[in-house]
Amino acid sequence: MMTQNKRLKSILLFATLILLIPLIAMQFSTEVNWSVFDFIIAGVLLFGTGFLLELVIRKVKTRQNRIVFFLIIIALLVLTWIELAVGLFGTPLAGS
């Protein structure tokens with residue numbers, strides 16, 4: 001039980017640190033211009049991905065299946081992030 005709580009704390013810390021990068025960058029550059037909505041969406045994506053990975057660790061028993069699920073979850077995160085950032089696929093999510 002202790003390692004599960006430690007992993008959850010690590011997920012929260014890691015996602016928060018990633019969200020601090022644009023927040024700090026906004027203080028020094030006008031090129032980074034995130035709104036509150038951007039931070040909320042990024043937080044949902046990062047925390048959601050972290051918790052999904054934790055769920056896979058807890059529920060999936062074989063290492064090979066864990067790796068497959070990890071790759072799928074990470075790929076979905078990256079593709080969603082890219083779509084929201086630059087509209088790679090031209091969906092309405094990107095505002096095009």
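Residues numbered from 1 in each chain as written. Predicted model: local features only at pLDDT ≥ 70, side-chain atom pairs only at ≥ 80, totals over all residues. Heavy atoms only, no water.

K.L.:
Honestly, the side chain of Glu 54 in this entry has me stumped. Any pointers?
P.N.:
Mapped onto the secondary structure, Glu 54 falls in helix 2 (residues 36–59). Glu 54 sits in the buried class, given a relative accessible area of 4%. For Glu 54, the residues in contact, after removing those within four places along its chain, are Gln 4, Arg 7, Leu 8 and Ile 11. (Helix = DSSP H or I, 4+ residues; strand = E, 2+ residues; numbered from the N terminus. Buried < 20%, exposed > 50% of the residue type's maximum accessible area, 1.4 Å probe, protein only. Contact = heavy atoms within 4.5 Å.)

K.L.:
Where do I start with the side chain of Thr 49 in this structure?
P.N.:
Relative to the helices and strands, Thr 49 is located in helix 2. Ignoring any residue separated from it by four or fewer positions in sequence, one finds Thr 49 in contact with Val 44, Ile 73, Ile 74 and Leu 77.

K.L.:
Could you clarify how one ought to interpret a nonpolar patch on the surface in this entry?
P.N.:
A surface patch of nonpolar side chains, about 620 Å² in accessible area, is lined by Ile 74, Val 78, Leu 79, Ile 82, Val 86, Leu 88 and Phe 89. Tracing the chain through its elements places Leu 88 in the segment after helix 3 (63–86). Note on Leu 88: relative accessible area 54%, which makes it exposed. (Patch = residues over 30% accessible without salt bridge, like charges linked within 9 Å, V, L, I, M, F, W, Y side chains within 5 Å. Areas by Shrake-Rupley, 256 points an atom, 1.4 Å probe, with all protein chains shown as cover. Salt bridge = Lys/Arg side-chain N within 4 Å of Asp/Glu carboxyl O.)

K.L.:
Just checking my understanding: could you explain the confidence of the model for the protein chain for this structure?
P.N.:
Confidence along the protein chain averages 90 in pLDDT terms, with 95% of residues attaining 70 or more. Per-element averaging of pLDDT across the protein chain places helix 1 (residues 2–28) at the bottom with 90 and helix 2 at the top with 95. (pLDDT = per-residue confidence, 0-100.)

K.L.:
What is the right way to read helix 3 from this model?
P.N.:
An α-helix turns once every 3.6 residues. As a result, residues three or four positions apart point the same way. Taking 1.5 Å per residue as the helical rise, helix 3 with its 24 residues ought to reach 34 Å, and the 34 Å between its terminal C-alpha atoms agrees with that figure. Along helix 3, the residues that are buried comprise Ile 73, Leu 77 and Glu 83. Where helix 3 ends, the next residue or the one after it, Gly 87, has phi of about 70°, a positive value. (Expected span 1.5 Å × (residues − 1).)

K.L.:
Before we go on, may I ask you to explain helix 2 in this structure?
P.N.:
The terminal C-alpha atoms of helix 2 lie 34 Å apart, and with 24 residues this matches the ideal 34 Å at 1.5 Å per residue to within 8%. Inspection of helix 2 places Ala 42, Gly 43, Leu 45, Leu 46, Thr 49, Gly 50, Leu 53, Glu 54 and Val 56 among the buried residues, and these make up the whole buried set.

K.L.:
What should I look at first to understand the pattern of salt bridges in this one?
P.N.:
Pairing between side chains becomes possible if they bear opposite charge and their charged atoms approach one another. Counted under the stated rule, the structure contains two salt bridges. Across the salt bridge formed by Arg 7 and Glu 54, the nearest N and O atoms sit 2.8 Å from each other. Taken together, the residues span a long stretch of sequence, with Arg 7 in helix 1 and Glu 54 in helix 2 at a distance of 47 residues. Via salt bridges that share partners, Arg 7, Glu 54 and Arg 58 belong to a single interconnected network.

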